[in-house]
Amino acid sequence: MPSFAVTGLVKSRQVPHHRSAPAAREALAQRRGRGILGAALLCLALAATGCSTLGTPDDQLITGSVRPHVTPVSAPLPQGAAPKGIAEPDWVEAKAALDQALTSRDKDPSIPWENKTSGASGTATPIGPERAGCRDFMISVVDAKMGDRWVQGEACRARSGFVLNQVRILGRA
């Protein structure tokens, strides 16, 4: 078995108990530099991951000055055929606004409507008090092709929503 011999003396490493002032400042500067770099990297990582969750999208910003016209997909529209001279797609939009006006808690609501496809628009307004579940209404129709007109009628409550009666065009608005 081979034997190992120690041929030299091992010097013990002596660590001073305190450093000189320049060495201490240099060590402190190194620690600060690492701390600043670490903090900067942490801020950068947080900013990169949090961008998509901060703030409110502009399309969801509600100021309260203009009420959005929202018609639930499952809401039944008032029943009643379009009066002669009013296009069916325009009448669907007008009936949706009328339904919203009739169910509104406001005293005298006037709900705007618009058919972006045809360019027709107007307002739907209940008129007078409710009598035996029925209420009179007026719908304005602004249409470049046919001119401005008023539609008048009566909306009566039914199990499936409102039923429109006596619907007629009055003439130019």
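Before reading on, note that the structure itself is shown above.
One structure accompanies this document, and this report is about it. Owing to the predicted nature of the structure, the values given are computational and were not obtained by experimental measurement.

Side note on helix α2 (residues 88–103)
Then, in step 1: Over its 16 residues, α2 extends 22 Å from the first C-alpha to the last, a length consistent with the 22 Å expected when each residue adds 1.5 Å.
Then, in step 2: Taken together, the buried positions of α2 are occupied by D90, W91, A94, K95, A96, A97, L98, D99, A101 and L102.

Considering the environment of S118
Then, in step 1: Summarising the element assignment, S118 is placed in the loop between β1 (111–114) and β2 (121–131).
Then, in step 2: For S118 and D90, which are 28 residues apart along the polypeptide, the C-alpha to C-alpha distance reads 7.6 Å.
Then, in step 3: One polar contact links the side chain of S118 to the main-chain amide nitrogen of A120, over a distance of 3.2 Å.

Considering the state of the cysteines
Then, in step 1: For the structure shown, the criterion picks out one disulfide.
Then, in step 2: With a sulfur-sulfur separation of 2.0 Å, C134 is cross-linked through a disulfide to C156. Across the S-S bond linking C134 and C156, the dihedral sits near 110°, which makes this disulfide right-handed. Within this pair, whereas C134 is found in strand β3 (residues 134–141), its partner C156 is found in strand β4 (residues 149–158), the two being separated by 22 residues in sequence. The residues C134 and C156 share a single accessibility class, namely buried.

As for the nonpolar core
Then, in step 1: Within the largest apolar cluster, 18 residues are counted, with the highest numbers of intra-cluster contacts made by W91, L98, W113 and I139.
Then, in step 2: Among the elements that make up this core, the one with the highest residue count is α2 (six residues).
Then, in step 3: Leave out the neighbours within four places in its chain, and I139 touches W91, A94, L98, W113, T123, A124, R149, W150 and V151.

Parameters and conventions
Residues numbered from 1 in each chain as written. Predicted model: local features only at pLDDT ≥ 70, side-chain atom pairs only at ≥ 80, totals over all residues. Heavy atoms only, no water. Helix = DSSP H or I, 4+ residues; strand = E, 2+ residues; numbered from the N terminus. Expected span 1.5 Å × (residues − 1). Buried < 20%, exposed > 50% of the residue type's maximum accessible area, 1.4 Å probe, protein only. Polar contact = N/O pair within 3.5 Å; in protein donor to acceptor, adjacent residues only side chain to side chain. Disulfide = S-S within 2.5 Å. Core = buried A, V, L, I, M, F, W, Y, C linked by side-chain atoms within 4.5 Å. Contact = heavy atoms within 4.5 Å.

Function cannot be inferred from these measures alone, as they are strictly geometric.
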